[in-house]
Amino acid sequence: MRWDNLRLAATEQPVAAGASAPSLLARGAVTRTFDTPGFAGLTFYEIHARSVLNRVPPASRMAFRWTVNPYRGCSHACRYCFARGTHAYLDLDTGRDFDTQIVVKVNVAERLRAELAAPRWRGEHVAMGTNVDPYQRAEGRYRLMPGVLAALRDARNPFSVLTKGSLIVRDLDLLASAAEVTQVGVALSVGFVDDELWRLVEPGTPHPRRRLEACAALGERGIPTGVLMAPILPYLTDSPAALSRAVEQIAQAGASSVTPLVLHLRPGAREWYLAWLAEHHPALVGPYRRLYGSGAYAPRAYRDRIATQVRELAERARIGAGMPRPVRRLAGSAARSGGAAEPSTPATSAGPGCRDEQLALPGFGG
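Here the residue numbering is sequential within each chain, running from 1 through the sequence in written order. Thresholds applied to this predicted model are a pLDDT of at least 70 for local features of residues and 80 or more for the giving and counting of side-chain atom pairs; totals over whole chains, interfaces and linings are not thresholded and use all residues. Where side-chain values are given, they derive from all heavy atoms of the structure, hydrogens and water being excluded.

> Account for the sheet that holds strand β7 (residues 126-128), naming residues and giving values.
At least two bridges found by DSSP between two strands are what make those strands a pair. Only DSSP runs of H or I covering at least 4 residues are called helices, and only runs of E covering at least 2 are called strands; the numbering of each starts at the N terminus. Taking strand neighbours across the sheet as the criterion, the 7 strands line up as β3-β4-β7-β8-β9-β10-β11 in an open arrangement whose pairing is mixed. Because the sheet does not close on itself, it has two edges, and the strands there are β3 (54-55) and β11 (258-262). Across 2 bridges, the pairing between β3 and strand β4 (residues 66-67) is antiparallel. Bridge pairing in β4 links Asn 54 to Thr 67.

Here it is as C-alpha cells:
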C-alpha cells in the first residue's frame with residue numbers, strides 16, 4: 001500500500017513531538033521516543049490511518065485477500081525479514097531504519113470497526129502478522145491488538161494471527177472469546193531452536209523457547225495453534241539434526257501443525273541478510289548466491305526436499321494427530337543426510353501434522 005492514506009487530512013491539525021518525521025509522514029505524525037531500556041534507539045511515528053483493511057494484491061502467493069497491520073517496521077530486527085522493502089515507501093532504508101523507525105496506527109481499532117460495519121464488507125478472512133509482527137515490542141506499550149481482536153470478535157469476522165511475539169498470551173481471553181463465535185487461526189513462527197544463531201539473526205525476538213511456551217498456553221485454552229517453521233536458513237538450520245531438534249520441540253509444545261518455509265530473499269531483505277552473512281558466515285556468501293541466483297526463492301527441488309523431511313519428522317512426532325483437517329498435496333523428495341539438497345524425486349502427500357509451504361496454515365484463509 002502507498003502511504004498517503006496514512007496521513008491526516010489536510011484540514012486536521014498536525015501534532016509533533018520530538019524529532020522530525022520522515023517526509024512521507026510529515027503531516028499528522030506524532031514522533032515519540034521513550035527512555036525505558038526496552039525502547040532505547042527506537043522512534044515511533046503515531047499516525048491516524050484513513051483505512052486499515054488492506055487488500056492483498058491478486059498476484060500474491062498468499063491464501064487470503066485481506067490483512068490488517070497495526071505497525072510498519074519491526075523491532076524484532078530479523079535480518080531476513082521479507083517486509084523490509086515496504087519501508088522504502090517511507091523514504092526510509094530497509095535495514096537499520098526498518099528495525100528502529102516504527103509506524104504506529106493509533107486508530108487501527110476504531111477504523112477497523114467502521115470498515116467491518118460497512119455495507120460493502122463481506123466478512124472475508126482477515127490475516128495479521130503476515131507483513132510485520134503485531135506483537136512486536138511496541139505492542140507492549142501501545143496495546144493496539146486488544147481493540148483489533150475485539151472488533152473482529154464483535155463482528156464475528158474470521159481472522160488469523162501469525163507472530164514471533166510471546167506477548168500474544170496477554171490476549172488469551174480475547175482470542176478464546178473470539179473463537180466461540182468465529183474461525184480463529186493462530187500460528188507461532190519458530191524456524192529453529194539454536195540459541196547462538198537466534199541471538200545473531202533474530203536479536204529483537206523472544207527466545208524460541210518462549211514462543212513455544214506461548215504455543216502451549218494457547219493450546220491449553222482450546223485454541224489449536226500451529227507453528228510456522230520459518231525461515232529455514234540454507235546451510236545454517238537445514239541439516240537433518242537441526243530440523244529434528246526443532247520439530248521435536250515443536251511437538252513437545254503441542255502444536256496442531258508445523259509448516260516449513262525456506263528463506264526467501266526479496267529486494268531490501270536480500271541486501272541486508274547477505275551483508276549479515278558476509279560478516280558472520282563469509283564462507284556461505286558464495287553458496288547462497290549460487291543457490292538463489294538473482295531471484296528471491298531457493299530452487300523448488302531444495303524446498304521440496306526440506307518440506308519432505310519436516311513432514312516425515314512431524315509424522316513421527318505425531319504433530320496434529322487426532323486433529324482432523326484437509327490433507328493437501330505436498331510435492332517432496334526423499335530426505336538426504338547432508339545440509340543443502342541436490343534435486344531428487346518428487347514424493348508423497350502431506351501428513352496431518354505438516355502443511356505445505358507459503359503460509360498454508362490453519363485458519364489463514366486457505
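Now that the structure has been shown, the text picks up again.
> Help me get a handle on the packing of aromatic side chains, residues and values and all.
Two aromatic rings, drawn from Phe, Tyr or Trp (for Trp, its six-membered ring), form a pair once their centres lie within 6.5 Å of each other, and the interplanar angle then sorts them: stacked below 30 degrees, edge-to-face above 60, tilted otherwise. According to the stated counting rule, one finds 10 aromatic pairs in the structure shown. Aromatic side chains Phe 34 and Phe 44 sit 5.6 Å apart centroid to centroid with 50° between the ring planes, which places their arrangement in the tilted category. Here Phe 44 lies in strand β2 (residues 43-47) and Phe 34 lies in the loop between β1 (30-32) and β2, a separation of 10 residues in the sequence. We note that Phe 34, like Phe 44, is buried. Centroid distance Phe 39 to Phe 44: 5.7 Å. Interplanar angle 65°. Geometry classified as edge-to-face. An aromatic cluster is defined as three or more aromatic residues linked by ring pairs; in this entry it consists of Tyr 235, Tyr 273, Trp 276, Tyr 288 and Tyr 292. When the NZ atom of lysine or the CZ atom of arginine is within 6 Å of a ring's centre and also within 35 degrees of its normal, the charge is said to sit over that ring. Positioned over the ring face of Phe 34 is Arg 141, at 3.9 Å from the centre of the ring. For the exposure calls, accessible area comes from a 1.4 Å probe over protein chains only, and a residue counts as buried if that area is under 20% of its type's maximum, exposed if over 50%, partly exposed in between.

> Can you tell me about the sheet that holds β1, naming the residues and giving the values?
Spatially, β1-β2-β6-β5 is the arrangement adopted by the 4 strands of the open sheet, whose pairing is mixed. Single-partner strands in this sheet number two, and they are β1 and β5 (71-72). In the sheet, β5 pairs with strand β6 (residues 101-105) via 2 bridges, with the strands oriented antiparallel. Within β6, the residue paired with Tyr 71 across the bridge is Val 104.

> So what's going on with empty space enclosed by the protein? Which residues, and what values?
Buriedness of a pocket was judged along seven lines, with at least five required to meet protein on both sides within 12 Å; pockets are open sets of points on a 1 Å grid over the protein atoms alone, cavities are sets where a 1.4 Å probe fits but cannot get out, and lining residues have an atom within 4 Å of a point. Grid points are joined across faces, edges and corners, and a volume is the space filled by probe spheres set on the points. Applying the stated criterion to the full structure yields 2 cavities of 30 Å³ or more. A volume near 450 Å³ is recorded for the largest cavity. Lining of the largest cavity is provided by 28 residues; of these, Tyr 80, Cys 81, Phe 82, Lys 164 and Ser 189 occupy positions nearest its centre. Listed by contribution, the elements that provide at least two residues to the lining of the largest cavity are β8 (159-163), β10 (225-232) and β11. Per-element accounting of the lining of the largest cavity gives the leading share, 3 residues, to β10. Split into classes, the residues belonging to the lining of the largest cavity amount to 17 nonpolar, 8 polar and 3 charged. Think of it as three bins: nonpolar holds Ala, Val, Leu, Ile, Met, Phe, Trp, Tyr, Cys and Pro, charged holds Asp, Glu, Lys and Arg, and polar takes everything else, Gly as well.

> Tell me about the pairing of β8, residues and numbers included.
Strand residues, when the strand is regular, have side chains that alternate between the two faces of the sheet. Of all 5 residues in β8, 5 are buried, a share of seventy percent or more. Every second residue of β8 is oriented toward a common face, with Phe 159, Val 161 and Thr 163 on one face and Ser 160 and Leu 162 on the other, all of them buried. As judged from the 5 bridges shared by β8 and strand β9 (residues 184-189), these two strands associate in the parallel manner. Counterpart to Phe 159 in the pairing with β9 is Val 184. This β-α-β element, β8 to helix α5 (residues 172-179) to β9, shows right-handed connectivity. If the strands point away from the viewer and the path from the first strand over the helix to the second runs clockwise, then the crossover is right-handed.

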